[in-house]
Amino acid sequence: MYPASFEYFRPSTIDEAVALLAQHGDDAKVLAGGHSLIPAMKLRLARPKVIIDIGRVANLNYIRDADGQIAIGAMTPHGEIEASAWLRERCPLLAETASHIGDVQVRNRGTIGGSLAHADPAADWPAAILALDAELEIAGPRGRRTVGAGKFFVDLLETTIRPDEILCEIRVRPTPRSVAYEKTEQKASGFALAGVAVVIPERDGAVCVAVTGVAAKPYRATAVERALAGHRILASDIIAAAAAHAADASDALGDIHASPEYRAHLAQVNTRRALTRAVARR
Amino acid sequence: MAETAPAPYVGRALKRVEDPRLIKGIGTYTDDLRLPGMLHAAILRSPHAHARVVRINVSAAQSITGVVSVLTGAEVNEHCGAVPCVADIADLRAPRHTVLAGDRVYFVGHPVAVVVATDPYVARDGAEAIDVEYDPLPAVANPEEALKDGSPLTHPDLGTNLAYTHTLTGGDVDEAFRRADRVIKQRIVHQRLTPMPIEPRGVVASYHVGEGTLTVWSSTQIPHLVRTLLPGMIKIAENKLRIVAPEVGGGFGAKLNLYPEEALCGHLAMRLGAPVKWVESRRENAASTIHGRDQIGDYEVAVRHDGTILGLKARTIADLGSYLQLLTPAIPTLTGLVLTGCYRIPAIRLDVLGVYTNKMSTDAYRGAGRPEATYLIERLMDIVAREVGVDRIEIRLKHFPEPTEFPFHTASDLKYDSGNYQGALSKARQLANWEALMTERAAARAAGRLLGVGVSTYVEICAMGPSKAMPAGGWEWGCVRIEMSGKVTVITGATPHGQGQETSFAQIVADRLGVPIEDIVVLHGDTNVAHYGRDTYGSRATAVGGSALVMCIDKIVAKAKRLAAHLLEAPLDRVTFANGRFSTAGNDRRLSWTEMASEAFVAKNLPAEFEPGLEASSFFEPENFTFPFGAHIAVVEIDRDTGLVHIKKYVAVDDCGPQINPLLVEGQVQGGIAHSIGQALFEQTVYDENGQLLTGEFMDYAIPRAGDIPEYILGSTVTPSPSNPLGIKGVGEAGTIGATPAIANAVIDALEPLGIKHLDLPLTPERIWRAMQRHAVEAV
């Protein structure tokens, strides 16, 4: 319950934060909402020498229009995403996903950027971010760069963010209402045993299906997407047949909460359910 | 002029007087205590399930600024006696349970060294800086494996992992099985559970060098038992030891114990001459506070073709963990006492094998033995009913004793005090709308849905208990004092820790003294205030502790009548006491408690040989246990795709005798059912095969949350107990006992169309899904 001692910095701009990171290198950890880092520090599983708290960095908490795209600041709490009527109109999948995270207190403190940067394999955001094909803007000593969601997640707790970089913004394109997120919770933690996000475009265009919780890294269920390709009307038999491929390419995780077979099975069930619900919203 | 009696407090659903301070966060828990010069202890614990401690190097820890002392077993254990076990079990092989580990560690979480420092951060830094060299040894985590030849030994010096074999018999079991038309067998496993009180344990110890007195604040259910036992461990006289249980944030049996840390902190305070605080982390709580259940049983039921049960045989392997805590070996033997449940089963034999493993000790967890027994007999009743083709309600009714047959003697030699099992079951079926449920289930099944209805009836053992059945006294003590101002101070030796007796005891006393409830304060939990006590467990506080207060009030009223006779100048037998006033016919003067107390304290005008003051204390010794009972009905639906169980309806009818405060009764039942939902559907403590604990955090150990709890339909019947003057039976564990089997029976009922006859707990979605897969394959 008592973390090891650390040095604490509270920059007020991203540039300052990036400079501090450059100065302290691997010794430093960026603190956002603190919902993953602080428990790990209390258990002394994480013992950073330096904490860079970006909680007071100006202009990292926003949901706004950016030339037709939707831009969300990395420090935006899950709860604000869940509650935003403006966002619900334009990208309902984000609000729906946010509502599945933790409980009210967690959603009021935890942030979308913190969750994505932590890259817990059972977090909820990765499924939505992949299914929406989001862009992630990352600040570093060499300026800013943008990464597609498909390239963002590298492995268990590992993303493309380098040790001297900070995730600043998440951008998505507006979607129709035909989206859904279906999740089976790990009973103790509330994290996903299998969470499936689905985006069905209005007319033409490919259905996007993404899965979190099942494997070490969240993934686009490309076998499902391929099976759905070319079907203008997604009837239940087509959905069922496609959903059966939800865990095809994944190396499903097993632990005391669910075996690999059960996680893979849940991926299939939740894919079918998410597709069915999204189609019904069309 | 006759005064109309005010409405009695007893029977009213009053809100708890305890709640405002707890809700506002201004109660005082152990961790809230701040004493001048207080030091903080952190404990280094074993990461191994079994290892030899080769060497411990504490020099790095000692060199940290702020570290006051670093001590290992070598320095502490000679000053602290062994952690006691008070269970009375014949031929028990027991290891010596030292406060800190000696040259071996026996479970993950075993305390190895303690660091005392000026703040808790430095204490933790110090614990981390201790360098321990371990030589890991083979560990055994599975009690069945532990009984096999060649298994690693938890305690090699005992030469065996078998702690004891306990046999309970009643009636002629051999004859019952000879006469049986068939014998139905079932293996039933109780998973291990972690009690997980929201407040973990914590201790503050302070030694007054001048007085030579030690005060220990501990988050415990049993300050009086700790005061009885701690002097045997650390060198202090009982009358120089004060134990205080401040606010306690949940116990559930986990704090019905004497733990090494209580002795350790007491010793450290005396050794260092400064107050010492230790507060358990959640991870420590999961690893080093007792666990519950963990029994594997093979059951055989001797039955006739018509469903008549002639006898019951069982062999139970009870996983004790590595050490005997206060009651560890006794708990599995309690299962046998009430294994025949509400039923007339004339012959029983239970063999309990207590087994050591390299895990945390098991001990009393909410219900302690009765949830195990009830789950077993209620599953078995359903299994037998199905096997012989008898309706499950019919088979229960067939074996209930009639209400007129009480006291009812069981094969296990208990005397059930009073009961009407038919009444409770009938009321539960009525509240559940049983006939409509059967129709609904038929329709659901026809539509391919997995809807199940489960029933359980239970009887349990409460109001512990007669002293002859308890290790160290089963009485309870109380004291009632009318203060000079007329206010009333009530002191109870029962130590409520969330059950609400500050409210319910005030209700009892207010009615009997005829005073406003606001004038009453109930004190408890401090051995310097409540001089005697046997504390709270086994639903004893109200039945036994409340009865002691009734005795006190009778004494005070009798004494006050003498004073009133003197003041009213009337003969004693003409003085009447009603509605808080003493009076006599033909005299308008009516004496209130305020007037009486004032006279008794000022003591200028007392009758001859009348001691000043209006105070009485009493011990109440119950003649028997009480036996609350009830009937629970659960309706569940299972998601065919995922195996997830949804509780659609929950009905509980509990008979705890007369209810002092129905709101408190309902709270106990609600909380108990929540515990049961956890055990039935998802809770389990998991160690891997090497004895590593895998459920050491709330991230991995699932406890019930608000969203898991259905809306309950609660009812009650009232059958007073003849064993105490209040007729109270007790209700603290009822929900935990009745609900697990009701839910399990409902789940199996839902799965019946698939041919599934039994699944062990917890009934997790994956376990159910796998069973469905298996049976789907078999069906093809």
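Because the structure is predicted, anything quoted here is derived from the model rather than measured.

Pulling in residues and values, what's your account of the overall build of chain A?
Counting secondary structure elements, chain A contains 12 helices and 14 strands. Radius of gyration (C-alpha) of chain A: 19 Å, near the 19 Å computed for a compact globule of 282 residues. If you line up chain A on its principal axes, its C-alpha atoms span 60 × 45 × 35 Å. Taking the contacts inside chain A whose residues are at least 6 apart along the sequence as the reference set, 64% of them involve residues at least 24 apart.

Any details on the packing of helix α16 (residues 541–568) of chain B against helix α17 (residues 593–602) of chain B? Residues and values, ideally.
All names here are of chain B. At their nearest, the axes of α16 and α17 sit 11 Å apart, and the two run at 90 degrees to each other. Judged by the inter-axis angle, α16 sits roughly perpendicular to α17. Between α16 and α17, the residues in contact are Ala560, Leu563, Ala564 and Leu567 and Met596, Glu599 and Ala600, respectively. For the contact of α16 with α17, the residue count by class is six nonpolar, no polar and one charged.

Explain unusual backbone geometry to me, and be specific about the residues and the numbers.
Cis peptide bonds are those with omega within 30 degrees of zero, and the linkage from Met464(B) to Gly465(B) qualifies with -25 degrees. Positionally, Gly465(B) belongs in the loop between β18 (450–459) and β19 (476–482). Of note, the amide linkage connecting Leu761(B) to Pro762(B) takes the cis form, showing an omega dihedral of -5 degrees. Note that Pro762(B) resides in the loop between α19 (734–751) and α20 (765–779). Backbone geometry places Leu157(A), a non-glycine residue, at a positive phi of 55 degrees. Classification of Leu157(A) as partly exposed rests on a count of 14 C-beta atoms within 10 Å. The phi angle at Asp535(B) is positive, at roughly 75 degrees, despite the residue not being glycine.

An account of the domain arrangement of chain B is needed here, citing residue identities and associated values.
Residues and elements named next belong to chain B. Split into domains, chain B comes out as domain 1 (33–137 + 199–249 + 255–288), domain 2 (366–464 + 625–779) and domain 3 (475–620). Relative to domain 3, the C-alpha centre of domain 2 lies at a distance of 41 Å. On the domain 3 side, the residues contacting the 16 residues of domain 2 number 16 residues. For the side of domain 2 that touches domain 3, the per-class residue count stands at nine nonpolar, five polar and two charged.

Can you explain helix α12 (residues 260–280) of chain A? Please cite residues and give values.
Given a rise of 1.5 Å per residue, 21 residues ought to cover 30 Å, and the 30 Å separating the end C-alpha atoms of α12(A) matches this to within 8%. Burial within α12(A) is extensive, with 15 of its 21 residues counted as buried.

Break down the sheet that holds strand β2 (residues 28–31) of chain A for me, with residues and values.
Residues and elements named next belong to chain A. One open sheet accounts for three strands, arranged β1-β3-β2; its pairing is parallel. On the outer flanks of this sheet lie β1 (7–9) and β2, each paired with one strand and no other. Adjacent strand axes in the sheet meet at a mean angle of 25 degrees when their direction is disregarded. Note that β2 and strand β3 (residues 50–53) share four bridges and pair parallel. Looking at the pairing, alanine 28 lines up with valine 50 of β3.

Before we move on, could you go through helix α14 (residues 434–446) of chain B and cite the residues and values that matter?
The terminal C-alpha atoms of α14(B) lie 18 Å apart, and with 13 residues this matches the ideal 18 Å at 1.5 Å per residue to within 8%. In the segment just after α14(B), Gly448(B) is the residue with positive phi, at about 80 degrees.

Got a sec to walk through the domain arrangement of chain A? Specific residues and values, please.
For chain A, the assigned domains read domain 1 (7–56), domain 2 (63–172) and domain 3 (179–277). One C-alpha centre belongs to domain 1 of chain A, the other to domain 3 of chain A; they are set 34 Å apart.

Any details on the interface of chain A and chain B? Residues and values, ideally.
Counting residues at the interface gives 16 residues for chain A, matched by 19 residues for chain B. Considering each element in turn, the side of chain A that touches chain B owes the most residues, three residues, to α12(A).

Talk me through the packing of helix α11 (residues 236–243) of chain A against α12(A); I want residue IDs and the actual numbers.
All names here are of chain A. Across the interface, α11 lies against α12 with an axial gap of 8 Å and an inter-helix angle of 150 degrees. Where α11 crosses over α12, the two elements pack in a sense that is right-handed. Side by side, α11 and α12 meet where Ser236, Ile239, Ala240 and Ala243 of the first sit next to Gln268, Thr271, Arg272, Leu275 and Thr276 of the second. In terms of residue class, the contact of α11 with α12 is made up of four nonpolar, four polar and one charged.

Cut-off values and rules
- Residues numbered from 1 in each chain as written.
- Chains lettered and ligands numbered in written order.
- Predicted model: local features only at pLDDT ≥ 70, side-chain atom pairs only at ≥ 80, totals over all residues.
- Helix = DSSP H or I, 4+ residues; strand = E, 2+ residues; numbered from the N terminus.
- Rg over C-alpha atoms; globule rule 2.2 N^0.38 Å.
- Contact = placed C-beta atoms within 7 Å.
- Axes fitted to C-alpha atoms, helices over the stretch in contact; angles between N-to-C directions.
- Parallel < 35°, antiparallel > 145°, perpendicular 65-115°, else oblique.
- Nonpolar A, V, L, I, M, F, W, Y, C, P; charged D, E, K, R; others polar.
- Buried ≥ 20, exposed ≤ 12 C-beta atoms within 10 Å, placed from the backbone.
- Domains from an automatic or database assignment.
- Expected span 1.5 Å × (residues − 1).
- Pairing = 2+ DSSP bridges.
- Left-handed = near helix turned anticlockwise from the far one by under 90°.

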